[in-house]
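# Structural characterization, general
The chain contents come next:
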Amino acid sequence: MKRIGILLIAVGLIAGMAGCTAIGSVDGESPVLTITSTAGGSVVAPGEGIFICAEGQVVGLLAAPEEGYQFVNWVGNVGTIANVSAASTTITANARYSIQATFSEDPSNPPGINYTEAEVEQLIIALVNDERQQFNLTALSEDALLTSLAREHSISMVENNFFGHERYPGERDITYNMSPGTMRGENLAKIPTRQTIPGPYLSLQEVCEWAISGWMNSTGHRANILQPAFNETGVGVSFSEEGAFIYLYITQIFEGPYE
């Protein structure tokens, strides 16, 4: 019997001004990038539409599938895309071209798993708010940008085979689009979906409670969860099949006014 542990990392408070965007506004001679998507998802970074880029600019791309769908690949003028099969990747702008993110129906969750990534995200937020309520702290509301950043990082960690707060080239930083006078924190967890191999798979409730318990028993993670100034959050989850093991990579980003 092999017992599996969990990995947890917390980053402290980060204060800053608004971050830089991937797309710049320059003269009409610059490359033009048109981005679209098929049904079943959307391109959340830098978005969809027509963008004017700086010559040679490396632009981060993130395609997010809707529930019940999965990302397939990038199609079109994809010659400068770093990885056409990765939802989180980069493209180098040096011409006028169009790209499209394609999605297909997701046939199933990983074997043995009867819950979705979106369900994990929502339960993590609920359980974190339960912990805050016990200390008479206000509940965190879900923010679309923070959710997008958190999902991007969890997907990136799985696709690029790492676990940490550093951002893979092309990813948006945790400080992306921060407003003046705000601060952010981040908790990470890599949670196995069963405690022993061989052994039964954990339920949605069990795997989320395991993650929260680990965070609350870690000084840095606990400090982020119980930070009174934080009032918004976003959680991103990605499954990772690693040999005989299935893990949940969880990113939670917090934001609130800087004190």
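Note: the structure precedes this text.
Residues numbered from 1 in each chain as written. Predicted model: local features only at pLDDT ≥ 70, side-chain atom pairs only at ≥ 80, totals over all residues. Heavy atoms only, no water.

### Looking at the packing of aromatic side chains
Counted by the stated rule, this structure contains seven aromatic pairs. Relative to Y168, the ring of F162 has its centre 6.3 Å away and its plane inclined at 20°; by these criteria the two rings are stacked. The exposure class of Y168 is partly exposed, given its relative accessible area of 39%. Through pairs of rings, three or more aromatic residues link up here, namely F71, W74 and F103. Sitting over the face of the ring of Y247, K190 holds its NZ or CZ atom 4.6 Å from the ring centroid. (Phe/Tyr/Trp six-rings, centres within 6.5 Å; stacked < 30°, edge-to-face > 60°. Buried < 20%, exposed > 50% of the residue type's maximum accessible area, 1.4 Å probe, protein only. Lys NZ or Arg CZ within 6 Å of the ring centre and 35° of its normal.)

### Some details on the sheet that holds strand 4 (residues 41–45)
Two strands in a sheet stick together by hydrogen bonds in their backbones, pointing the same way (parallel) or opposite ways (antiparallel). Spatially, three strands are ordered 4-6-8 in an open sheet, and the strand pairing comes out antiparallel. Single-partner strands in this sheet number two, and they are strand 4 and strand 8 (88–92). Taken over all neighbouring pairs, the strand axes of this sheet differ in orientation by 35° on average, direction set aside. In this sheet, strand 6 (residues 58–65) lies alongside strand 4 in antiparallel orientation, the contact comprising four bridges. Within the sheet, the bridge partner assigned to S42 lies in strand 6 and is A64. Each of strand 4, strand 6 and strand 8 touches helix 2 (residues 144–159); the most contacted strand, strand 8, lies at about 90° to it. (Pairing = 2+ DSSP bridges. Helix = DSSP H or I, 4+ residues; strand = E, 2+ residues; numbered from the N terminus. Axes fitted to C-alpha atoms, helices over the stretch in contact; angles between N-to-C directions. Contact = heavy atoms within 4.5 Å.)

### Structural notes on the sheet that holds strand 3 (residues 32–37)
Overall, mixed pairing links the four strands, which are arranged 5-3-9-7 in an open sheet. Of all strands in the sheet, those bounded by a partner on one side alone are strand 5 (49–52) and strand 7 (69–76). Sheet twist, expressed as the mean angle between neighbouring strand axes with direction ignored, is 20°. Direction of pairing for strand 3 relative to strand 5: antiparallel, over a ladder of four bridges. The partner of I35 across the bridge, within strand 5, is G49.

### Observations concerning the side chain of S240
With respect to the helices and strands, S240 occurs in strand 13 (residues 232–242). In terms of polar contacts, S240 uses its side chain to reach the side chain of E242, at 2.7 Å. Not counting the four nearest positions on each side in its chain, S240 is found in contact with V158, F245, I246, Y247 and Y249. (Polar contact = N/O pair within 3.5 Å; in protein donor to acceptor, adjacent residues only side chain to side chain.)

### Focus on the nonpolar core
The biggest cluster of nonpolar side chains holds 32 residues, and the ones touching the most others in it are V120, I124, I191, L248 and I250. Going through the elements one at a time, helix 1 (117–134), strand 11 (182–192), helix 3 (204–216), strand 13 and strand 14 (245–257) are the ones with two or more residues in this core. Other than its neighbours up to four places away in sequence, I124 contacts C208, A211, I212, W215, V235, I250 and Q252. Within the second largest apolar cluster, 21 residues are counted, among which are A45, W74, I91 and F103. (Core = buried A, V, L, I, M, F, W, Y, C linked by side-chain atoms within 4.5 Å.)

### Some thoughts on helix 1
The end-to-end C-alpha distance of helix 1, which contains 18 residues, comes to 26 Å, matching closely the 26 Å that a straight helix rising 1.5 Å per residue would cover. All buried positions along helix 1 are accounted for by V120, E121, L123, I124, I125, L127, V128, N129, E131 and R132. Here the buried face of helix 1 lies against strand 10 (141–142), helix 2, helix 3, helix 4 (219–225), strand 13 and strand 14. Phi turns positive, to about 60°, at N136, one or two residues after helix 1. (Expected span 1.5 Å × (residues − 1).)

### Observations regarding the environment of P169
Along the polypeptide, P169 turns up in the loop between helix 2 and strand 11. Spatially, the C-alpha atoms of P169 and S88 are 9.6 Å apart, while their sequence positions differ by 81 residues.

### So, the pattern of salt bridges
Scanning the model with the defined rule gives six salt bridges in all. In this structure, the salt-bridge partner of E186 is R167, at a minimum N-O distance of 2.6 Å. With E186 in strand 11 and R167 in the loop between helix 2 and strand 11, this residue pair connects regions lying 19 residues apart in the sequence. K190 serves as the salt-bridge partner of E242, at 3.3 Å between the closest nitrogen and oxygen. Here E242 is found in strand 13, whereas its partner K190 is found in strand 11, with 52 residues between them in sequence. Under the relative-accessibility criterion, K190 is labelled buried at 13%. One network of salt bridges, with partners in common, ties together R167, E171 and E186. (Salt bridge = Lys/Arg side-chain N within 4 Å of Asp/Glu carboxyl O.)

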